[in-house]
Amino acid sequence: NTTASSLEAAALLQSIGAKQSDIIEHLFKQKSFNTLKVWGRIFSMLELDPVHRFAWAKITQTDLNQLEATSADVDNITAEILRYTEDIDIAALVLEETSGTTVQLRSRNLNLQWDEAFAGKHVKIVEHGINIKFEERNANKITDQILQTLSQWQKERLQLPAQTAITTIKAAAPSTPSPAIPVEIIQAKTPVRATPPAEVPFIAPSQKTVIKNLAPEDSSLPPGTQAVEVVIETKEKGIPDWLKKSFPKN
């Protein structure tokens, strides 16, 4: 959407010292704290219909009061929803204000004929979409109306069966509770000893090697464990190779 004259003007501004990175940072990347809070609330309530290909959210005056924010803090979040949400044609935000309710509709398709679906409404054309103003201050009721209108419009555009219902998918990932770790049980449990092989696969380095079969009833061993205790003299030939491989850290 950028014209050649706009690029020439930008080049001239840079040549006389304009800082492009600073302009982008302050214009697009930095948001007020209130705006971030409002955006967080809206994204947490965002829903998606992948069949009718639209996403929507609503924010009430009560939400804004709780966040100590105003409708001005909503900024251009509807365009951001459209930008970052896959598989949708239209993003909708229902914003309840003190003087009524505004519905923001944005689309990547610049050729949509909005009048086909919203004829007779108080519509204002904006970049990539429209704003619809309702005198009634009721975000819940108007959200239902908008969803019905959008679903019917998309059925016709996408040639969906007339009986296709709105499919709601929460865009926010469901929270999965972290499994509780029984620290006390782990600490109190008797440590399990390593189970050596049934037969000791090495030649004793000296006559002082003692092999002792542990009794099955040893309470420190798990049921059914076959275990042997080996005591060796390591002064002459050192630790056997099999023991080094099995327990390299010991």
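Our structure is the block above this text.
Residues numbered from 1 in each chain as written. Predicted model: local features only at pLDDT ≥ 70, side-chain atom pairs only at ≥ 80, totals over all residues. Heavy atoms only, no water.

(A) Spatial organisation of the overall build of the protein. Each helix and strand counted, the protein has 9 helices and 9 strands in total. Classification of the 250 residues of the protein by burial places 31% in the buried group. The long-range share in the protein, meaning contacts at least 24 apart out of those at least 6 apart in sequence, stands at 64%. Put simply, the protein shows about 17100 Å² of open surface, and 53% of that area lies on carbon and sulfur atoms. (Helix = DSSP H or I, 4+ residues; strand = E, 2+ residues; numbered from the N terminus. Buried < 20%, exposed > 50% of the residue type's maximum accessible area, 1.4 Å probe, protein only. Contact = heavy atoms within 4.5 Å. Areas by Shrake-Rupley, 256 points an atom, 1.4 Å probe, with all protein chains shown as cover.)

(B) Molecular detail of the side chain of Asp89. For Asp89, the position within the fold is in the loop between α5 (77–84) and β3 (90–97). Not counting residues up to four positions away in its chain, the partners in contact with Asp89 are Arg53, Leu82, Arg106, Ser107, Arg108, Gln154, Arg157 and Leu158.

(C) Structural view of the packing of aromatic side chains. Scanning all chains against the criterion turns up 4 aromatic pairs. Considering the side-chain rings of Phe54 and Trp56, the 5.5 Å spacing of their centres and the 55 degrees angle between planes classify their relative orientation as tilted. Judged by its relative accessible area of 6%, Trp56 falls in the buried class. Ring geometry for Trp114 and Phe118: centres 6.5 Å apart, planes at 35 degrees, overall tilted. Here the two residues Trp114 and Phe118 agree in accessibility, since each one is buried. These aromatic residues form a ring-pair network of at least three members: Trp114, Phe118 and Trp153. Between Arg157 and the ring centre of Trp153, over which it is positioned, the NZ or CZ distance is 5.9 Å. (Phe/Tyr/Trp six-rings, centres within 6.5 Å; stacked < 30°, edge-to-face > 60°. Lys NZ or Arg CZ within 6 Å of the ring centre and 35° of its normal.)

(D) Quick look at the pattern of salt bridges. Enumeration according to the criterion identifies 7 salt bridges in this entry. Notably, a salt bridge pairs Arg41 with Asp63, separated by 3.0 Å at the nearest N-O pair. Linking Arg41 in helix α3 (residues 33–44) with Asp63 in helix α4 (residues 61–66), this pair joins segments that are 22 residues apart in sequence. A salt bridge links Lys133 to Glu97, with the nearest nitrogen and oxygen atoms 3.2 Å apart. Here Lys133, found in strand β6 (residues 129–134), pairs with Glu97, found in strand β3; they are 36 residues apart in sequence, far enough to count as distant. By relative accessible area, which is 15% here, Glu97 ends up buried. By sharing partners, the salt bridges in this structure join Arg53, Asp89 and Arg157 into a single network. (Salt bridge = Lys/Arg side-chain N within 4 Å of Asp/Glu carboxyl O.)

(E) Looking closely at the environment of Phe33. Within the fold, Phe33 resides in helix α3. Each C-alpha atom, one on Phe33 and one on Asp73, is 9.1 Å from the other, the two residues being 40 residues apart in sequence.

(F) Spotlight on helix α7 (residues 139–158). Across its 20 residues, α7 extends 27 Å between first and last C-alpha, which sits within 8% of the 28 Å expected from 1.5 Å per residue. Residues of α7 that are buried include every one of Ala139, Ile142, Thr143, Ile146, Leu147, Leu150, Ser151, Trp153, Gln154 and Lys155, and no others. Looking at the residues trailing α7, positive phi occurs at Gln159, about 55 degrees. (Expected span 1.5 Å × (residues − 1).)

(G) Region of the structure containing the pairing of β3. Burial of β3 is extensive: 8 of the 8 residues sit out of reach of the surface. Of the two faces of β3, both are covered, the one formed by Ile90, Ala92, Val94 and Glu96 as well as the one formed by Ala91, Leu93, Leu95 and Glu97. The pairing of strand β2 (residues 54–59) with β3 spans 6 bridges and is classified as parallel. Across the sheet, the residue bridging to Ile59 is Leu95, located in β3. Here 8 bridges tie β3 to strand β4 (residues 100–107), and the two strands are oriented antiparallel to one another. If you follow Leu95 over to β4, its bridge partner there is Thr102. Between β3 and β4, which follow one another and run antiparallel, lie 2 residues. (Pairing = 2+ DSSP bridges.)

(H) Geometry of a nonpolar patch on the surface. Together, Leu12, Leu13 and Ile16 give the surface a local cluster of nonpolar side chains, amounting to about 330 Å² of exposed area. Within the secondary structure, Leu13 sits in helix α1 (residues 4–15). (Patch = residues over 30% accessible without salt bridge, like charges linked within 9 Å, V, L, I, M, F, W, Y side chains within 5 Å.)

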